[in-house]
Amino acid sequence: MLKNFIVFKFFYNNIYFSKISNAMKLDSIDRKIIKELQQFGRKSASHIAEKINVSVPTITERIKKLQETGVIVGFQAIIDPIKIGLDVAAIITIISGSSQYYKEVTLAAEETPEVVQCFSTTGNGSHTLLINTKNSYTLEELLRKIQSWPGVVRTETQIILSSYKDGIKIPINQKKG
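Residues numbered from 1 in each chain as written. Predicted model: local features only at pLDDT ≥ 70, side-chain atom pairs only at ≥ 80, totals over all residues. Heavy atoms only, no water.

## Here we look at the pairing of strand S3 (residues 88–96)
Logical step 1: Among the 9 residues of S3, 7 are classified as buried, and the element is accordingly described as predominantly covered.
Logical step 2: Bridge analysis of S3 against strand S5 (residues 127–133) gives 7 bridges, and the strand direction is antiparallel. Bridging from a neighbouring strand, Thr-93 pairs with Thr-128 of S5.
Logical step 3: Sheet topology note: the S3/strand S6 (residues 152–160) ladder contains 8 bridges and is antiparallel. Directly across from Ile-94, in S6, lies its bridge partner Thr-155. (Buried < 20%, exposed > 50% of the residue type's maximum accessible area, 1.4 Å probe, protein only. Helix = DSSP H or I, 4+ residues; strand = E, 2+ residues; numbered from the N terminus. Pairing = 2+ DSSP bridges.)

Structure, rendered in structure tokens:
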């Protein structure tokens, strides 16, 4: 079944996971907790404890540790953009003349409410934006705005027609032993 693209589900069920260069060592309990929270970020500690057969205090301590160490970096409500009148989702690639205005482009993206996510990328563009907007007219206005940002030479836009896999579920491998 085709579903409308729901941009806020790009971060799966309210859980954001940080990029860790010095990866924290996760044991099997941590992994199970993370897997449960990725399924539904509002599961109670008692539900998770029952599911993975450990005590509630263990679950709450582990979740707190995962937050303090930056493995879990936040929780957020998932909004269906279509239900609030944002019918157009798109991926916009920004082609810059040079990296001179890299920071300015990043700051402009942060300040633009239609930009749901901004990625620094390799390839043809310097940045890729995931956006939601009301309609094709507001998309055109947004593109004009982005094209006026410092250093932006041009943009390439792909309108998202539908999504077959929403959300981001970080693969949490269970270590043996």
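## Focus: the environment of Val-116
Logical step 1: With respect to the helices and strands, the residue Val-116 is situated in strand S4 (residues 115–120).
Logical step 2: The class for Val-116 is partly exposed, based on a relative accessible area of 24%.
Logical step 3: Residues Val-116 and Asn-132 lie 16 residues apart in sequence; the distance between their C-alpha atoms is 7.0 Å.

## Overview of the nonpolar core
In a soluble, globular protein the nonpolar side chains are often hidden away together inside.
Logical step 1: Judged by nonpolar contacts, the single largest core of 16 residues is most densely connected at Ile-92, Ile-94, Leu-129, Ile-131, Leu-139, Ile-146 and Trp-149.
Logical step 2: Counting only elements with at least two residues in this core, the list comes to S3, helix H4 (102–111), S5 and helix H5 (136–147).
Logical step 3: The contact partners of Trp-149, leaving out residues within four places of it in the chain, are Ile-94, Val-105, Ala-108, Ala-109, Thr-112 and Leu-129.
Logical step 4: Ala-45, Ile-48, Ala-49 and Ile-72 belong to the second-largest nonpolar core, a separate cluster that totals 14 residues. (Core = buried A, V, L, I, M, F, W, Y, C linked by side-chain atoms within 4.5 Å. Contact = heavy atoms within 4.5 Å.)

## Section: helix H2 (residues 45–52)
Logical step 1: When we look at burial in H2, the residues that qualify are Ala-45, Ile-48, Ala-49 and Ile-52. Down the axis of H2, the buried side of the element spans an arc of 100 degrees, and every buried residue falls inside it. Exposed residues pointing more than 90 degrees away from the buried face of H2 are listed as Glu-50 and Lys-51.
Logical step 2: Each element contacted by the buried residues of H2 is listed here: helix H1 (28–39) and helix H3 (56–68).
Logical step 3: Backbone geometry just after H2 places Asn-53 at a positive phi near 65 degrees. (Arc of directions from axis to C-beta.)

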